[in-house]
Every structure is written in structure tokens, then in C-alpha cells.
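Breakdown of the fold
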2 protein chains.
Amino acid sequence: MNETVQKLLNHRSIRSFTDEKIPQEQVDLLIDAAQHASTSNFFQQYSIIGITDPEKKKALAKIGNQHYIAEAARLFVFVIDLNRNAAIAEAKEKPVDVLSSTDFFLRAFSDTVIAAQNLVVAAESLSYGAVYLGSILNDPQAVIDLLKLPKLTFPAFGVAVGHPNQSPQLKPRLPKEAVYFENEYHPLEQPLDFLKDYDHEVNQYYDLRNANRRVDTFTNQIAKAVSGAQSENKKKILDTLKAQELLQY
Amino acid sequence: MNETVQKLLNHRSIRSFTDEKIPQEQVDLLIDAAQHASTSNFFQQYSIIGITDPEKKKALAKIGNQHYIAEAARLFVFVIDLNRNAAIAEAKEKPVDVLSSTDFFLRAFSDTVIAAQNLVVAAESLSYGAVYLGSILNDPQAVIDLLKLPKLTFPAFGVAVGHPNQSPQLKPRLPKEAVYFENEYHPLEQPLDFLKDYDHEVNQYYDLRNANRRVDTFTNQIAKAVSGAQSENKKKILDTLKAQELLQY
């Protein structure tokens, strides 16, 4: 096993950072790594916004309801971006309706996430800690307004990067048999029996991690998340995407 | 710069493979690397289907209209998977409607792509070549039927991995200034002027790569792709997603 695979297998999300800064040349390297990822048909349909303004960091931390968003040395918002290619096509007097299709949305989404994971892998290989911030989608419209995102763009998530101030335990993953199949999909039958050992493992993980925190199993977490009430903003995500002229058909 | 970053910066998609096989323990390592990636709220909402059946490989190559899909040592289809967590919640007699929301779709999509990029990075670090196969979405319903994908799942793309039988040139990426901004989005103004040097660079890349192939610029490629006709199957992607009980609201 090489160093890269070793790092991938030891990934932990880091949610507590020291005050130490990250030099600009290292940030440039992270962006460069992101840019060298695969993109669908080489269309490069994403953008990255580095947030350096402390007020904007605070605003995003408030939207995400996670104080550490504002505390990381570097904060990036990854943006699904079909606007750039619309600008190019329009400059050549071409119609751009197809950029509003589900096909292009899915491709641009893939581009965005692949680039983000390259940035995260690069950051971790340089011994920084990183965490994805899906929580900025608590209120996508607020993020759109804050970062002046034009039509045909949408924020996928944030990524915070900094010097780790914690070293959390490795979280146990689902058994391979639940996630990997050959040649066709295998639905989980008797999921609670099948995941009994895994539930126990997750339970122990939480128990060891924090004595003050309520200990739970994987299947309980899923059942709770799925049956909980969804916020009004979360219910509006599809409307917000459509207002950005995405997913029109 | 370390070895991991160096590998990321040197990524090329590989579309021609030797006959050499990949040992099962290496495949297990790739799956393991994929499984150790971040997932939204730790919900792990993706599955991976390894295609070993030569007939299914051929069927996917036909759908994607790319012969090399069937020629790689290993072929994986990455599946957005909200079905597994539905099975868990249903076993605990909880309602699962929220799994059909756009919010959960976006999160599961991110999980799927992040896991896939870990697999690709791991494969490349082990000196294999890899390529994303967005082309399986030429006909998502055919992939759903072929792999027996149940409701609340959807194929994101394929990934082919094998021993490289080519060493293509590094493709020039968009200038950083077109992709990376600080604190707010910067729309491309005068995109054709702004990308003139890049167009020239891409043109040279194609010229060097293959003397027999028509040489083009980046902005021309975009203009053509955006104004070309979209196939009937591509127009149906949103309907297919909805028929899978995804993106209901």
C-alpha cells in the first residue's frame, strides 16, 4: 500500500482548527490539484470561491449553523457553474437552452464534486485537516445572494481547510457487502439483522468518542434523520435550483 | 510537493488498456478507499456495482458507445443510493418520503461522486489508468434495467480501471482566473478575448495529440456542444429520475 492510499484510508473530517495560517502558494497548489481532476467532456463546469472576508465567513457559519466554518484557515465554496460556458456560447451567438437541462446539471455537479475531492485529498496529503460543509444548503438562496451567484450556477457545498486541532477516531464504514455488489444491485433484505454488528461497532465508536454525547447506532441515526421534519428552506431547494435556470427539463 | 499532489497534477484519463488483469486484493483496496471518503452526515448514500459479466460489459459499452468500456480490466458503476437507507427506515416503521427530496438527492449525489474520485485517485496512485464514463447516461433507463436498480437509486456514471496502454499528453486546464474567485462570483466578461491564449493552448494540444483529428479550440468546443441537438434519451433524464422516485420536490 502506498502513501496516497494510506491517507485515503485514514481520512477523518476535521472540525476544529488551530490559528495557524496556510501560505498562499499552498492554497494555489490546492486549487491546481482541483483543476487537474477529470471533468465531463472536458467542459470544466464548476467554479471555486475562496472566502477571505471575515464577514462573509461569519455569514456562512451562521447559515450552516456551525461555528467552525468561520474558524478554518481557508474556506472554499464549490459552485456548479454552467454560466461560464453560457457566456462563451452567447459570445459566439449560440443558443444556450441545453445548459438548463438535467443532463448538463448532473455533469456540472459531477465536475464540481470531483474537483472538490481532489482539493480535499491534496489538503490531507499536506497534513491539513478538511471538512465538507453541506450545511450551507440550509439556505441556498442566502448563499446565492451572499456570493452573487448568477443564473446557471448553484452552490454545491463548502470545504473548510486548516491545521487540525483534534485527532478524531476513524469512523467505521458500512460493511463492504452492503455497498459493493457484482453485476446487479442487491437490495438489503432484513437490514436490521444484516447491520447488527455494524450498529454495535458504530455504537462503540460514539461511546469512545465522547462520553457526554448520546450514544447511537447507525440504523437509529438513519431512521431519525429520515423521519424528522424538513425545514422550509430545504423544501425550497428545487425551487431555488429552478430559479437559477437549472433543471428546467 | 508530495507524491499524492504530484499524481493529482498529472492526471490523464486513460481510454486504452492492456489485457493485464487487476488482482482481487487490489480491487478490494480501491473499494476500501472509496468507502473511506466523506459522506453527507455519514449517511453513506451510494453503492458501487462491479461489472464482471462480459455480456453486461458489452451492453454498457454499447449504451456508452465507447468500445473501451468493455476492454478495461475492471468496470464499476457508481450508483446514487437512497434505497438502502429507505430499507433501514422502513424496517423501523418510519416514513421515508424525505428520501425523494432534492435535498437528499443532492447529498447522495455528492456521496457517490466523492467516493468515485477516491477510487480513481487510489487507482492512479497504484499506477493504473482510469476514466469516468458519463456516457452510460446516454440511456439511463437501459442501465437501470441492466443492473436491476430499484426505486430511489440512479446510476451516476461508470469508472473503468486497467493497465494503461497509452500515455496521453496533459490537457491544459482553464486559467485559474476563470475558475477561482475570492468572496464573490466574477462572471466572464469578454470571454473570447479572455480565453484567447487558452484557446491557442488547447488548439496546440489537439494538434500535437493526433494529426488525423480535427483540431479545435476550447471556446469552439463549448459553442458546438451547447448548440448541438440533444438526444431524446438525454431529454428524458429528469423523467427517469422521477420514475425512480427521486427529485419529487
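Residues numbered from 1 in each chain as written. Chains lettered and ligands numbered in written order. Predicted model: local features only at pLDDT ≥ 70, side-chain atom pairs only at ≥ 80, totals over all residues. Heavy atoms only, no water.

Labelled according to an unreviewed UniProt entry, chain A appears under the name Oxygen-insensitive NADPH nitroreductase, originating from Sporolactobacillus mangiferae. As recorded by UniProt, the Sequence similarities (unreviewed entry) comment attached to chain A reads in full: "Belongs to the flavin oxidoreductase frp family." (UniProt positions renumbered as here; feature names shortened; annotations may be inferred.)

Moving on: the overall build of chain A. Each helix and strand in chain A was counted, giving twelve helices and five strands. By the compact-globule yardstick of 18 Å for 249 residues, chain A fits well, its C-alpha radius of gyration being 20 Å. Over its C-alpha atoms, taken along the principal directions, chain A stretches across nearly 60 × 45 × 40 Å. Buried residues in chain A amount to 59% of all 249 residues. Restricting the contact set of chain A to residue pairs at least 6 apart, pairs at least 24 apart contribute 78%. (Helix = DSSP H or I, 4+ residues; strand = E, 2+ residues; numbered from the N terminus. Rg over C-alpha atoms; globule rule 2.2 N^0.38 Å. Buried < 20%, exposed > 50% of the residue type's maximum accessible area, 1.4 Å probe, protein only. Contact = heavy atoms within 4.5 Å.)

This part is about the sheet that holds strand E1 (residues 46-51) of chain B. Strands sit in the order E5(A)-E1(B)-E2(B)-E4(B)-E3(B) across an open sheet of five strands; the sheet is mixed. Edge positions in the sheet fall to strand E5 (180-182) of chain A together with strand E3 (129-133) of chain B, since each of these pairs with one other strand and no more. Each strand axis lies, on average, 25 degrees off the axis of its neighbour in the sheet, ignoring direction. Bridge count for E1(B) against strand E2 (residues 74-81) of chain B is six bridges, and the pairing is antiparallel. (Pairing = 2+ DSSP bridges. Axes fitted to C-alpha atoms, helices over the stretch in contact; angles between N-to-C directions.)

So, on to unusual backbone geometry. Phi at A:Gln190 is positive, roughly 50 degrees, even though this residue is not glycine. Looking at the secondary structure, you find A:Gln190 in the loop between E5 and helix H8 (191-194). On the basis of relative accessibility, which here comes to 60%, the residue A:Gln190 falls in the exposed class. For B:Glu245, which is not glycine, the phi torsion reads 70 degrees and is therefore positive. Examined against the element boundaries, B:Glu245 turns out to sit in the segment after helix H12 (237-243).

All names here are of chain A. Of all the positions in helix H3 (residues 54-64), only Lys56, Lys57, Leu60, Ala61, Ile63 and Gly64 are classed as buried. With its buried residues spanning 160 degrees around the axis, H3 presents them on a single face. Of the exposed residues in H3, those oriented more than 90 degrees away from the buried face are Pro54, Glu55, Lys58 and Lys62. Buried residues belonging to H3 abut strand E1 (46-51), strand E2 (74-81) and helix H6 (140-146). (Arc of directions from axis to C-beta.)

So, about the confidence of the model for chain A. Within chain A, residue pLDDT values average 96, and 98% of them lie at 70 or more. Two numbers describe this predicted complex: its pTM, 0.98, and its ipTM, 0.98. (pLDDT = per-residue confidence, 0-100.)

This paragraph deals with the packing of aromatic side chains. Aromatic ring pairs are defined here through the distance separating the ring centres and the angle between the ring planes. Considering all chains together, one arrives at 17 aromatic pairs over all chains under this definition. A centroid spacing of 6.2 Å and a plane angle of 5 degrees characterise the contact between A:Phe43 and A:Phe104, whose relative ring orientation is stacked. Linking A:Phe43 in the loop between helix H2 (24-35) and E1 with A:Phe104 in helix H5 (residues 102-125), this pair joins segments that are 61 residues apart in sequence. With a centroid separation of 5.1 Å and 65 degrees between ring planes, the pair formed by B:Phe181 and B:Tyr185 is classed as edge-to-face. (Phe/Tyr/Trp six-rings, centres within 6.5 Å; stacked < 30°, edge-to-face > 60°.)

Another aspect to go through is the pairing of E3(B). Residues and elements named next belong to chain B. Of all five residues that make up E3, five are buried, and the element is covered over most of its length. Covered by surrounding structure in E3 are Gly129, Val131 and Leu133 together with Ala130 and Tyr132, the residues of both alternating faces. Pairing of E3 with strand E4 (residues 153-162) involves five bridges; the strand directions are antiparallel. Along E4, the bridge assignment pairs Ala130 with Val161.

A rotation about some axis, followed by a shift along it, carries one copy of the chain onto the other. Superposition record for chain B on chain A: RMSD 0.0 Å, screw rotation 180 degrees, translation along axis 0.0 Å. What the rotation and shift describe, once combined, is the action of a two-fold rotation axis. Identified as the residue of chain B closest to the rotation axis by C-alpha distance is B:Thr4, at 2.8 Å. The overlap is high: 100% of the interface residues of chain B also sit at the interface in chain A, so the same surface is used on both sides. (Least-squares fit on C-alpha atoms with pLDDT ≥ 70 in both.)

Considering the arrangement of structural elements, one finds B:Tyr198 in helix H9 (residues 196-209). C-alpha separation for the pair B:Tyr198 and B:Gln221, spaced 23 residues apart in sequence, amounts to 13 Å.

So, on to the sheet that holds strand E3 (residues 129-133) of chain A. Reading across the sheet, the five strands line up as E3(A)-E4(A)-E2(A)-E1(A)-E5(B) and stay open at both edges, with mixed pairing between neighbours. Each edge of the sheet is formed by a strand with only one pairing partner; in this case those strands are E3 of chain A together with strand E5 (180-182) of chain B. Across the sheet, the mean angle from the axis of one strand to that of its neighbour is 25 degrees, orientation sign disregarded. Sheet analysis places E1(A) next to E5(B), joined by three bridges and oriented parallel. Looking at E5(B), one finds that A:Gly50 is bridged to B:Glu182. Packing against the sheet, H5(A) makes contact with E1, E2, E3 and strand E4 (153-162) of chain A, and its axis sits at approximately 160 degrees to E2(A).

Okay, the side chain of A:Asn83 next. Its location among the elements puts A:Asn83 in helix H4 (residues 83-91). In this structure the side chain of A:Asn83 is engaged in a polar contact, spanning 3.0 Å, whose partner is the backbone oxygen of A:Lys151. When near neighbours in sequence (up to four residues on either side) are disregarded, A:Asn83 contacts A:Pro150, A:Lys151, A:Leu152, A:Thr153 and B:Tyr185. (Polar contact = N/O pair within 3.5 Å; in protein donor to acceptor, adjacent residues only side chain to side chain.)

Our next topic: the pattern of salt bridges. Tallied over the full model, the rule gives 20 salt bridges over all chains. A salt bridge links B:Glu184 to A:Lys56; the nearest nitrogen and oxygen atoms lie 3.9 Å apart. Highlighted residues: B:Glu184 in the loop between E5 and helix H8 (191-194) and A:Lys56 in helix H3, drawn from two different chains. (Salt bridge = Lys/Arg side-chain N within 4 Å of Asp/Glu carboxyl O.)

Let us now look at the environment of B:Leu247. All names here are of chain B. Note that Leu247 resides in the segment after H12. The exposure class assigned to Leu247 is buried, which follows from its relative accessible area of 3%. Between the alpha carbons of Leu247 and Ser100 there is a distance of 5.6 Å; along the sequence they are 147 residues apart.

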